[in-house]
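A closer look at the structure
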Amino acid sequence: MRWKNRLAGGLLKDCGPRGEWAELYFMMFVAGLGMKVFRPFGQIGRYDVGVENQARLVRVQVKTTNYKTRTGGYSLNLTKSKGEHYQPGTIDFFAILVIPLDRWYIIPSNR
């Protein structure tokens, strides 16, 4: 069942609160699939969410977009908030939420 305002957090103007909302939304989605999830304590983690699937721990960086291009697609940057690249070996997957479509894309990190 989906509730009427489940994407209300995606309307937040500030990137910080919107990112925290997306992390919680992703955790709810993954937990609903029967996987164990956790969030590193504080803002010092090198990834947003940990997912345990069977005996494997997967480090996930959550990203969102609601930016629609002129051609009708959606765009985002897979960098940190200040444009820095993620260090090799710090994340395993990007979980990307296209907010207007309410659709998740899971993309392996190449690093």
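Here the structure is shown first, and the text comes after it.
Scope of this entry: the structure provided in the associated data block. The structure presented is a predicted model; accordingly, all values stated were derived computationally and were not measured.

**A short note on the packing of aromatic side chains**
Aromatic ring pairs are defined here through the distance separating the ring centres and the angle between the ring planes. By the definition in use, this model includes five aromatic pairs. Judged by centre distance (6.4 Å) and plane angle (20°), the rings of F29 and W104 are stacked. Here W104 lies in strand β5 (residues 103-108) and F29 lies in helix α1 (residues 15-32), a separation of 75 residues in the sequence. For W104, a relative accessible area of 14% puts it in the buried group. Both rings, one in Y86 and one in F94, keep their centres 5.7 Å apart while their planes meet at 65°; by these two values the pair is edge-to-face.

**Quick word on the pairing of strand β3 (residues 56-65)**
In this structure, strand β2 (residues 49-53) lies alongside β3, joined through five bridges in antiparallel fashion. What sits directly across from V51, in β3, is V58. Linkage of β2 to β3, two consecutive antiparallel strands, is achieved through a turn of two residues, within which Q54 is found at a positive phi near 60°. Strand direction decides the pairing type here: β3 and strand β4 (residues 93-98), joined by six bridges, are parallel. The residue of β4 that forms the bridge with Q61 is F94.

**A word on the layout of surface pockets**
Which parts of space are left empty comes out when a probe the size of a water molecule is rolled across the atoms. Each pocket or cavity is described by its volume, and for the largest pocket that value is around 1000 Å³. Lining the largest pocket are 32 residues, and of these Q61, V62, K63, S81 and Y86 lie nearest its centre. Listed by contribution, the elements that provide at least two residues to the lining of the largest pocket are α1 and β3. Ranked by the residues each element gives to the lining of the largest pocket, the list is headed by α1, at seven residues. A breakdown of the residues in the lining of the largest pocket according to their chemical character gives ten nonpolar, 14 polar and eight charged.

**Comments concerning α1**
Along its 18 residues, α1 runs 25 Å from first to last C-alpha, staying within 8% of the 26 Å computed at 1.5 Å per residue. Listing the buried residues of α1 in full gives R18, W21, A22, E23, Y25, F26, M27 and V30. Of the surrounding elements, those touching the buried residues of α1 are β1 (36-38), β2, β3, β4 and β5. Just downstream of α1 lies G34, where phi reads positive at about 90°.

**Some words on the nonpolar core**
The biggest cluster of nonpolar side chains holds 15 residues, and the ones touching the most others in it are F26, V60, V62 and W104. Breaking this core down by element, the ones donating at least two residues are α1, β2, β3 and β4. When residues in this core are grouped by element, the largest group, six residues, is from α1. In contact with V60, other than residues within four places in its own chain, are F26, Y47, D48, V49, V51, F93 and A95. Y47, Y86, I91 and F94 belong to the second-largest nonpolar core, a separate cluster that totals five residues.

Definitions and cut-offs
- Residues numbered from 1 in each chain as written.
- Predicted model: local features only at pLDDT ≥ 70, side-chain atom pairs only at ≥ 80, totals over all residues.
- Heavy atoms only, no water.
- Phe/Tyr/Trp six-rings, centres within 6.5 Å; stacked < 30°, edge-to-face > 60°.
- Helix = DSSP H or I, 4+ residues; strand = E, 2+ residues; numbered from the N terminus.
- Buried < 20%, exposed > 50% of the residue type's maximum accessible area, 1.4 Å probe, protein only.
- Pairing = 2+ DSSP bridges.
- 1 Å grid on protein atoms, 1.4 Å probe; cavity = no way out; pocket = protein on both sides within 12 Å on 5 of 7 lines; lining within 4 Å.
- Points joined across faces, edges and corners; volume = space filled by probe spheres on them.
- Nonpolar A, V, L, I, M, F, W, Y, C, P; charged D, E, K, R; others polar.
- Expected span 1.5 Å × (residues − 1).
- Contact = heavy atoms within 4.5 Å.
- Core = buried A, V, L, I, M, F, W, Y, C linked by side-chain atoms within 4.5 Å.

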